[in-house]
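# Report on the structure
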Amino acid sequence: MQGARVWIPDSVDVWRVAEITRGYKEGDTVLHLRLEDGSVLAYPIESQLPPLCNPDCLSGADDLVALSHLHEPAVLHSLRRRFLEANTVYTYCGIILVAINPYKPLPIYEEEVIYAYSGREMGDMDPHIFALAEEAYKQMVRFGKNQSLIISGESGAGKTASAKYAMRYFTTVGGCLGDSSMEEKVLASSPLMEAFGNAKTARNDNSSRFGKYIEIGFSQAHVTGATIKTYLLEKSRVTFQAKAERNYHIFYQLCTSATLPELQGLGLRGAESFHYTCQGQDTAARSTSDAADLENTRQAFSLLGVPEDEQLELFSILAAILHLGNIVVRGRDRRGDGCFVEPDDEALGMFCSLLGVEVSQVTRWLCHRKLVTAGETYLKPLSRQQALDSRDALAKHMYGQVFKWMVSRVNRALRSLEGHHTSIGILDIYGFEMFELNSFEQFCINYANEKLQQLFNLNIFKLEQEEYVAEEIPWVFIDFCDNQPCIELIEGRLGILDLLNEESKMPQGSDGSWAQKLYQTHLSSSHFQKPKRPTDAFIVCHFAGKVEYQCGGFVEKNRDAVPEELVGLLRASKSALLAELVLEEGDGAVSLQSRRSSGPRMTGRSSRRSLPSSQKSKKSISSQFKASLKRLMEMLGSTTQHYIRCIKPNDGKQPFVFDSRRAVEQLRACGVLETIRISALGYPSRCTYQEFLERYRALVSREELRSINTKQICNLALERLLQDPSKYRCGKNKVFFRAGQVAQLEELRQRRLRAACTLLQRHLRGWLARRRFARTRNAVVCLQRHARGMLARRFARLLRRTRAAVTLQKTLRMVLARRSYLRLRQAALTIQAFARGLFARRLYQQMVRHQKAVVIQAAVRGWLARSRYGRLRGAVIFLQCCYRRARARRELRRLRLEARSVEHYKQLHKGMEIKVIQLQCRLDEQAQEKQRLEEQLSGLNAAHAEEVQRLRAEVQRLREEVARDSQVQQLQERLAELERLSMKSCLSQEVEELRQRLAEVEATKLQLGEEKDAVIQRILEQSQDLEEQQQRAARESWGLRQELEEERARYQSLVQEYTRLEQGYENLRDEVAFHRLMAQQLPGQSTLRRSPSSESFMGSDSSHMSLSTAPSREGSDQQAEGPEERWQPVTEGPEPSGEVLLNGSAEQDPIGKAYRLLLGQLSAVNEELARTREELRRSKAPVELEERKPLEFLKRRNIAELLGLSRSPEKVAANDDLKHAYDAVQVANRLLANQLREEKQQHEEEVEGLHLDICSLKQLSQQQAALIQDLQRHQGQEGLQMHVLRLKEENWELAQKLEKQERTMLKLQKQLKAYAKQIQELTVKREATGPSQELATSAVVPSWSPMVPSLAGTSQAMLAWRMEDAGRIIKAIITDYKPQSSPGALPDLPAYVLFLCFRHADHCGDEPRARSLLDAAIDAIKRVMKKHSDDFDMVALWLTNTCRLQNCLCQYSQDESYWQGNTARQNEHRLQNVDPQSCCRSLGALAVQLYQQLIRTAEKRLKPMIVAAMLESEPIQGLSSSCPPGRRRSSAAPAHTLPELLQQLGSFHAALDRHGLAPAVGHQVLRQLLFLVSGTTLNYLLLRKDTCSWSRGIQLRYNISQLEQWLRAQGLQQSGAQQVLEPLIQAAQLLQVKKVTKEDARALCSLCTVLSPQQVVKILRAYTPTVGLEERISPSFISSVEEQLQQQHGGGPGQLLVDTSHLFPVHLPFATSPLHLDELHIPDALNLPFLVRL
């Protein structure tokens, strides 16, 4: 068909796109094509037509099976397009996940991405390895069946990285059960396996040279352990490396770190100094640091439980291998009959010293071999080459044993004692290899890939069959390429492996004879060929292609022989680890020994022993590999397989460069194209009936739509559209299409839509043309009307202008005549005036001179006096400044000395909160001072205005005087006119003098004007300076407020960290309880239970329990006896004494005794830690010695002494769990000590910062005062200046007096408190007896009246209580409190009750009792929150009560800053004896914890709803069309809608209002929740390509508008919640704007101000255009946008995903309670009859 696009072969790009220019007819031999560059090509048609291209809507699909035309060029084009244009590295291909190595770190593996894919279906998100891992994890949990991930690919394709990501996903999502460090251990196995099993090759810097199968065990969906199995380690790399390659990483790590103290005795040097590490001529690592990798390796060893001494012993064995390679073997003669090693060889000496073997023995058995016959033993000398081969065989054997030992230790550390129910295996195995020279290793690798490919083909066939059977469509056998003949050739009877094993068993077996046997046996096979060259080689036709193998080395590598004598030397080594390595699997493999003797006979007794049994039963490498491969296939066959095929895009390791030829080779080798071929033979495209109807509704006729059944509608439509029933099949729930049918349907749909668009365009264009004609006609008529009117108006204007011109001429002539007359008259008058004023001017000049002289003298004398005064005043100010500076320096030195003292630190630490409040008060005072200065400034401005007005009046007066002078001048001129006749001779001279004097007067006037302007300008500049000073002061005040907010945020982060440590402690305690339960299950041991004496209302938070220090003997006894009676054994008979029971149990079971002793030590440590924290909270003194007590106590005790066991290995192994638990407690104690030390240091820094702030404020105040003085100094009036100075000095003196009075008042208050305490101590007995009697009498009051007035008759607003009633109070108002039981009561009633009890303790002066009550309340609230952690209403209730209690303590404290909203009655109820600052801090920390828990509780409810409501629901029906059939997507309807999300947010807001939470806190809660909604929606938008479209942007913008409308309806516009939606709004707008030209790019960049460049580029790359209406975004447009955004944002590292776990700093405002305490009503339902209202 003309216009169709096809694929034609190409030598560079493999396939090229061409368009058919002339229709094809059957029988044509040439196809006329036009290439993309415009050139014309006549393509010859041979056997079949070129493959067709897919439609644009299918190109770049997430699943390659969804392509309509399934063939190699379509797959290659889709992968290249996704990789280069969208930068997408993952693509589905049926059950395969194709992963292309980007050679560049991508931000798609963060923890946020893991949680985004967790719990999602496989089609809901973009292709990702996390999606495949989630699918495996979900199937394991749902069906309880084992899963497996098979990862394969070339070296450098990213197999190891993919396995790491999968392991990290499983350990993160699954978590750990029992052992909390199992997750870290599983992840720590990766660096160990890489160090010992990975090496640098020509293709990859971190290539795995072995195959591994990691089986992660799960129990109850939690990770319990793991097991690693390895396959075919490349031991030949130990002794030989090709050019540009390296040995295993561990050798280079040791050589790089040879300077470490613990490694200096190993004789290590640079890697280029050893033969085994320098053969590749590339010893440096470019991508990583060998020294850092060694540190990671050692840390991994330590984490897996390998001690430091064993690590060093292992490193010594590895160093010995390096020295073994440097041993020089010399030949004795040229014939090579014998060889020898110098005894003083340095490498030989180091090898023997490191392994603890004798030099003479090593020298002998390196150069000789022992031959044992029936009755005699001979020594056979070896040639030099044989000795070198023997040395290399020993090195390979040692390293292989080291690798096996390392794997066994890793498995031992990862093994779970409880076992596992299900597992997920990760197979990281080598892909198909085909090099120029292929040997035994490549043969085994390709053999394994043949087996995996067979399993893969059977799995695909099985899945296709299950799909067809489930849908009940006719099943036709699909013929696929079965590689069973090739496998039979390799492993069958008399196959390649059988012949190889047979040849290896023969003493004289060689590679050549084996090759001849292969030729004789298998030349008739279709999968076996003989090369044309006469070399010992053979060709095997694998599924991925033909591979030629060189026979050289096959037999020796298959034997893997090691000299028995050298192995015997290793067994006799002094190194325990080496002996363990050699004896690990019995006698190792030894070389076959010839029965013929060619050397001299050994002297001595003949030996009758035969060859070892291990040598006879030793299996070859191929047999071992075949058996392990068989077990692997059986294991994989019992699991559900998931396949990951890693593709290497180019050999140059360049980021995002795609080499099509290399990619095609790997696609053919890894089975992706085979999957496509199998799918293409059946029905590759499939979709549900509903999806088909939504997509192709435009192709369905009206008659077909009348049917009710969706399946019937689809059947009728397909019969009409496709006509051929063999092209499709209708199943139960889906419709299946043959290859190419979806493309045909898409073409029909596009035609129908194009025809509909043409019809709409035709009608629209006609309507637009008619409207345009009507507008044109109306415009013409209007123009004519306006033109005719304009001409008429123009003629009338001409008539008016003619008449006006005549009038103007007449008037102008008159004006000119009058002006001439007046000019002549004025000239005559001027001459007369000059003549008459001659004599008058003389007299006037004399008077003026006299007057000016007087004015000048007055001005000069005044200036001299002012300058003298100014100098004196400046000197005085300078002396004052110097004196004050000296006093300030002395004061600074004194403060520094005080700061260094311990007492001063205590005071600062104790009163830190008070100082913060004082600083806030100082800020308020500065604000008042600023306001007062502004008022002074306004007064000065008013004075300045009055002065200006006065100056203006003076100027006006001077002008009047000048006018009067002009009148005098006129009179003088008249007088001069009269005397003109007598003064004619002097007239000209007088006129000249008069002109000079006039010029001088004008100059003087100009000078005075300039001086006036200068004075005004100076005043304006000073005013501007004053305004700048005020602005600077405002900025500094704002900076102080910002610092206060930052301090608040840091404080909240400390509270959050404290909560995290508290939770960690609880986890450790649960782990100890878990081990205790495990110990209970042991036979013969007594059951352990918790003593009732340790159970109190303090709850489970024993590590943070606040112990009471009241003078109660019972409490102290309980505190002393608690640790001893915490755990007690329980038996069936009568309880014996503790000592007898312990002794008896110790005699019966030492392990139980050790366990109980350890539990006792743990409880003692916990009590000591709690006591230390309590002392820190009360005294705020340095607690470093107290912090070290638990740690020193633990350090002084030896674990062996604590356990009371001997050093036997069996008992030590039995108590490994106890040691781990003890170590965990030590780590927790160290963490807590470090946290306390960091808090002290932070408090010191805050105190120093406050001192600096106070100094800066004082300097600012001094600068303002100096500025005002300077301004006043430059004012015009000296009286006003002196008045302002006097007022300023008076204000300063008053401020100094006020500060002195405040200090005096504070001293008096402290003395008053001390006197009050002394009085209380004197009257303690009387107060103890009196109130107790009153309480006793008041307890008899009936229960219906819990409120009894006091004897005095006036209410004191407090509740009397006793110390033993504290538990009952806490239980009544916190533990058992239910708001619904007291309808109509205040929501914060418990807070008021607690405060009334606190007031009673304050009234009695019993501060310990008050603090104990609050500490107990805090612990009870924590306990309730732990029990109801998922109850939003409960958390909101106690957050409200905590804030109310904190506000009450502040409102009724002695701090006057909180009294502003109090009434006179409330001020009477202030606290008198107890300082509530420390309690306020504890309550503030608890409030922050409750706020964070409230957010977490709300997030648990909102998270499942966000994506479905914001992205998946479609409130605008019919706007977005479904995707083409075959694409992976979830067919289920959205689980939640937007109204449900808004209803949930509304319920949260209503709950906060119902419980009386402050509106400011409620606004912060909703802001945080909307941030979660915005961030989660944006993250899923970035991770799902199907959501990046124009229609989805419209839906998203509508949903956001609904959220904004809900905010406005709730009155939350000013809460800041709308600002957190801005990134989501910009993302929705980004999906809607035009994205074609450079102007669009600039507009897009100006639009996206909140989104990061990575987010914008990700959305643009994932954008899916509407088919037929939009074009794809060009890569040049994306590059342009990326460059502009980088310039706009500075090019710094950005973040792709939003951190939804981020919490904004919470601010808990202070709010005065309007309720009077004496009016509080306590309901009877609270059951508090023991409290007495006073």
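Residues numbered from 1 in each chain as written. Predicted model: local features only at pLDDT ≥ 70, side-chain atom pairs only at ≥ 80, totals over all residues. Heavy atoms only, no water.

### Quick notes on the environment of Ser-1429
Here is the rule: Here a helix means four or more residues in a row that DSSP labels H or I, a strand means two or more in a row labelled E, and each is numbered from the N terminus.
Structurally, the position occupied by Ser-1429 is in the loop between helix H42 (1407–1427) and helix H43 (1432–1451). Put simply, Ser-1429 and Leu-1490 are 61 residues apart on the chain and 9.8 Å apart in space, counted from C-alpha to C-alpha.

### Topic: helix H14 (residues 496–505)
Applied cut-off: Using a 1.4 Å probe on the protein chains alone, a residue whose accessible area is under 20% of its type maximum counts as buried, one over 50% counts as exposed, and one in between counts as partly exposed.
A large share of H14 lies buried, amounting to seven of its 10 residues. Here H14 has its buried residues at Ile-496, Leu-497, Leu-499, Leu-500, Asn-501, Glu-503 and Ser-504.

### Thoughts on the packing of helix H4 (residues 159–174) against helix H5 (residues 182–197)
Definition in use: For every element, the axis is a line fit to its C-alpha atoms; helices are fit only across the contacting stretch, and the angle between N-to-C directions ranges from 0 to 180 degrees. Here roughly perpendicular refers to angles of 65 to 115 degrees, roughly parallel to angles under 35, roughly antiparallel to angles over 145, and oblique to all remaining angles. The contact criterion used is simple: two residues touch if any of their non-hydrogen atoms lie within 4.5 Å. Each residue receives one of three labels: charged for Asp, Glu, Lys and Arg, nonpolar for Ala, Val, Leu, Ile, Met, Phe, Trp, Tyr, Cys and Pro, and polar for the others, Gly being one of them.
For the pair H4 and H5, interaxial distance at closest approach is 9 Å and the crossing angle is 170 degrees. With respect to each other, H4 and H5 are oriented roughly antiparallel. Contact residues: Thr-160, Lys-164, Met-167, Arg-168, Thr-171 and Thr-172 in H4; Glu-183, Val-186, Leu-187, Ser-189, Ser-190 and Glu-194 in H5. Split by residue class, the contact of H4 with H5 holds three nonpolar, five polar and four charged.

### As for the sheet that holds strand S1 (residues 5–10)
Adjacent strands of a sheet form backbone hydrogen bonds with each other and so pair up, either parallel or antiparallel. Cut-off, in case you're wondering: Two strands qualify as a pair provided DSSP detects at least 2 bridges between them.
Strand order in this open sheet of four strands is S1-S2-S3-S4, and the pairing throughout is antiparallel. Unpaired on one side and paired on the other, S1 and strand S4 (40–44) mark the two borders of the sheet. Going from strand to strand, the sheet's axes swing by 50 degrees on average, the running direction of each strand aside. In terms of strand pairing, strand S3 (residues 30–35) meets S4 through five bridges, oriented antiparallel. Within S4, the residue paired with Arg-34 across the bridge is Val-40. In the packing of helix H1 (residues 72–84) onto the sheet, contacts are made with S1 and strand S2 (14–20), and the angle to S2 comes to roughly 105 degrees.

### Let's talk about the nonpolar core
Convention followed: Here, nonpolar core refers to any group of buried Ala, Val, Leu, Ile, Met, Phe, Trp, Tyr and Cys residues whose side-chain atoms link them within 4.5 Å.
With 334 residues, the main nonpolar core has Phe-170, Phe-196 and Phe-538 as its most contacted residues. With 18 residues, helix H45 (residues 1477–1512) is the single largest residue contributor to this core. Core analysis: the next-biggest nonpolar cluster, separate from the first, contains eight residues, Ala-18, Ile-20, Leu-35 and Ile-45 among them.

### Thoughts on the pattern of salt bridges
Condition: When a carboxyl oxygen of Asp or Glu lies within 4 Å of a side-chain nitrogen of Lys or Arg, that pair is called a salt bridge.
Taken as a whole and assessed by the stated rule, the structure comprises 42 salt bridges. Close ionic contact of Glu-1719 with Arg-1465 constitutes a salt bridge, the shortest N to O distance being 3.3 Å. You can see Glu-1719 sitting in the loop between helix H52 (1675–1689) and strand S27 (1732–1733) and its partner Arg-1465 sitting in helix H44 (residues 1464–1467), a full 254 residues away along the chain. Of the residues examined, Glu-1719 reaches a relative accessible area of 46% and is grouped as partly exposed. A salt bridge links Arg-1584 to Glu-1512; the nearest nitrogen and oxygen atoms lie 3.0 Å apart. Residue Arg-1584 is located in the loop between helix H47 (1559–1583) and helix H48 (1590–1609), and its partner Glu-1512 is located in helix H45; the two are separated by 72 residues in the primary sequence. Residue classification places Arg-1584 among the buried residues on the basis of a relative accessible area of 7%.

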